[in-house]
Amino acid sequence: MPSQLNWLTLLLGAFFVSSPVSPSLAQPDSHSLQQVIASLDSTSPVLAAARVDLARARAAHTSSRAFPNPALFGTQETLNDAINSTERIIGVRQDLGFLWSQSSRYAATKAAYEAAQAAFVEIRRELTVQVMTQAYEYDRLRQQSSLLDSVLARAEQLSKATTARRKEGDIAPYDEQRFLLEQVQLQNRKQESARDKLNALSGLVRLTGLPAERLQRIELISPPALSFTSEDEAVRYALDHRPELTRTAKQLAAARRALAQARWRQLPEVSLGVGTKTVDPGPGGLYAEGELELPLWNQRRGEKNIARSELARAELHQSSQLQLVEQEVRAAFQQLQLVDRLRLALETGLADSANLNTARGVRLYLEGEMSALELVDALRTGIEAQDAALRLRNSLAMARAELRRVAGIDPVEP
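All of the points below concern the structure found in this document. Residue positions are given per chain, counting from 1 as you read along its sequence in written order. A pLDDT threshold of at least 70 governs which residues receive local features in this predicted model, and a stricter bar of 80 or more applies before side-chain atom pairs are shown or counted, although totals over entire chains, interfaces and linings include all residues. Hydrogen atoms and water are omitted, and side-chain values are computed over all heavy atoms in the structure.

Observations regarding the pairing of strand β5 (residues 270-280)
Selection criterion: A pair of strands is considered paired only if DSSP assigns at least 2 bridges between the two. Each helix is a run of H or I in the DSSP string that is no shorter than four residues. Each strand is a run of E no shorter than two, and both are numbered from the N terminus.
Pairing of strand β3 (residues 86-95) with β5, which is carried by 10 bridges, proceeds in the antiparallel orientation. Among the inter-strand pairings, Gln94 is bridged to a residue of β5, identified as Leu272. Here nine bridges tie β5 to strand β6 (residues 284-292), and the two strands are oriented antiparallel to one another. Paired with Val270 across the strands is Leu292, a residue of β6. What sits between β5 and β6 in their antiparallel hairpin is a turn of three residues, with Gly282 showing a positive phi close to 140 degrees.

In structure tokens:
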């Protein structure tokens, strides 16, 4: 019996000592998170939808530079005169009313296209942070699941030693039952961890569009740190560089030009046509015609009113986004400062120390110097310490990535 207990002690001790917290469990077949993020442009369905909106804005901008197509017209008229003469006219007619609003229309669509470009950059950076968050969470759950697998395997062996001690009268039946109940708790925690891990992997697949096999051993990267010395400095930088604010500014410019276009479009439509006229028999010559709209019924005031409402909405949206961006930057800066102060737990090897303490607790229990209740506490400490350290690691990485995003900096690029 003592030899069996010593073997179990060494086995558990070796396990807990060799289970440190690391940024990731990189394997030879792992893929870098940097590579996954770089491929989002061609793989992510989220960006595919954003590219459609960008293509629409580009098409509208390109179309705004084109003139309306001219119209080819022709007429033939036969007169019942003495010689049955026939008149023929062939010519081209062009609408010139677009000239009044052409410059405003072009400026409006250009600003709208630039707003769509800024929106695409903002969406891509938001997606990058989402992918990083999901990847870090998946890595945490994967490490926790692996740890629980090993703990459960050893706990099953340890339960045999517990039963043997109870039969020999070293421990009370209550202590045996307490340990067996903890084993059930570990099994439940294992299945919850496995379920959450699969959900996290599914989330990665949904965001990236990549197969799960490529993401199962993803190698994490740490977002570069920022050198902002104060919240105000970070806010000033964000006001100048945040794509979201560029988008709202361009939308406001587009709304102003659209209102100017609507005002110009209230002018009457004008069209001119030129051609040749022939009379058979008889002479021919140049033919010209002009057409001026009489705005009696439809004066296009509705378009102007809509454009004015769109401008008011764009002004309000820009004002609200300025306030929102400032709040986002201040919140992200404060969160990063808080996590930076708590990072000490990672640097001092909290999880490793807990694992060593757990191994000592197992040895003391097997030697009869620790109760089942104390052993349960020791087992929980190793698992929870690793989980806490991984969560803190995730919080630090996400705080850095989020501050970079809200300040208008790419979350992963130096």
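Okay, back to it.
Looking at the packing of helix α9 (residues 243-264) against helix α10 (residues 301-342)
Between two packed helices, the angle of one axis relative to the other and the distance separating the axes together describe the packing. Just so we agree on the cut-off: Angles shown run from 0 to 180 degrees and are taken between the N-to-C directions of axes, each axis being a line fitted to C-alpha atoms and, for helices, limited to the stretch in contact. Here roughly perpendicular refers to angles of 65 to 115 degrees, roughly parallel to angles under 35, roughly antiparallel to angles over 145, and oblique to all remaining angles. With the far helix as reference, a near helix turned anticlockwise by less than a right angle produces a left-handed crossing, and one turned clockwise produces a right-handed crossing. In this count, Pro and Cys sit with the nonpolar residues alongside Ala, Val, Leu, Ile, Met, Phe, Trp and Tyr, while Asp, Glu, Lys and Arg are called charged and the others, Gly among them, polar.
The N-to-C vectors of α9 and α10 enclose an angle of 165 degrees; their axes lie 8 Å apart at closest approach. As judged from the angle between their axes, α9 and α10 are roughly antiparallel. The element α9 and its partner α10 pack so that their crossing is left-handed. Of the residues in the contact of α9 with α10, the class split is 12 nonpolar, five polar and nine charged.

Considerations on the side chain of Gln261
Rules: Throughout this description, buried means an accessible area under 20% of the type-specific maximum (1.4 Å probe, protein chains only), exposed means over 50%, and partly exposed covers the range between. Only heavy atoms enter the contact rule, under which two residues are in contact if any of them lie within 4.5 Å.
Looking at the element boundaries, Gln261 is found in helix α9. Using a relative accessible area of 18% as the deciding quantity, one classes Gln261 as buried. The residues contacting Gln261, other than those within four sequence positions of it, are Ser101, Ser104 and Arg105.

As for the packing of helix α8 (residues 231-241) against α10
Orientation of α8 relative to α10, taken along the N-to-C sense of each, is 140 degrees, at an axis distance of 9 Å. Our classification of the angle between α8 and α10 gives oblique. Like other packed secondary-structure pairs, α8 and α10 cross with a definite hand, here right-handed. Along its contact with α8, which presents Glu231, Asp232, Ala234, Val235, Ala238 and Leu239, the element α10 presents Leu322, Val325, Glu326, Val329, Arg330, Phe333 and Gln334. Per-class residue counts for the contact of α8 with α10 are eight nonpolar, one polar and four charged.

Quick look at α10
To be explicit about the condition: A helix is expected to span 1.5 Å multiplied by its residue count minus one.
For α10, spanning 42 residues, the distance from its first C-alpha to its last is 61 Å, which sits close to the expected 62 Å at 1.5 Å a residue. All of the buried residues in α10 are Lys304, Ala307, Leu311, Ala314, Gln321, Val325, Val329, Ala332, Phe333, Leu336 and Val339.

Side note on the nonpolar core
We apply this condition: Grouping buried Ala, Val, Leu, Ile, Met, Phe, Trp, Tyr and Cys residues that are joined through side-chain atoms within 4.5 Å yields what is termed a nonpolar core.
Of all hydrophobic cores here, the largest spans 32 residues; its most connected members are Leu33, Ile37, Val131, Met132, Leu215 and Ile218. It is helix α5 (residues 98-167) that provides the largest number of residues to this core, a total of 11 residues.

Observations concerning the environment of Leu198
When you line up the elements, Leu198 lands in helix α6 (residues 173-208). Residue classification places Leu198 among the exposed positions, given a relative accessible area of 53%. For Leu198 and Gln216, which are 18 residues apart along the polypeptide, the C-alpha to C-alpha distance reads 9.8 Å.

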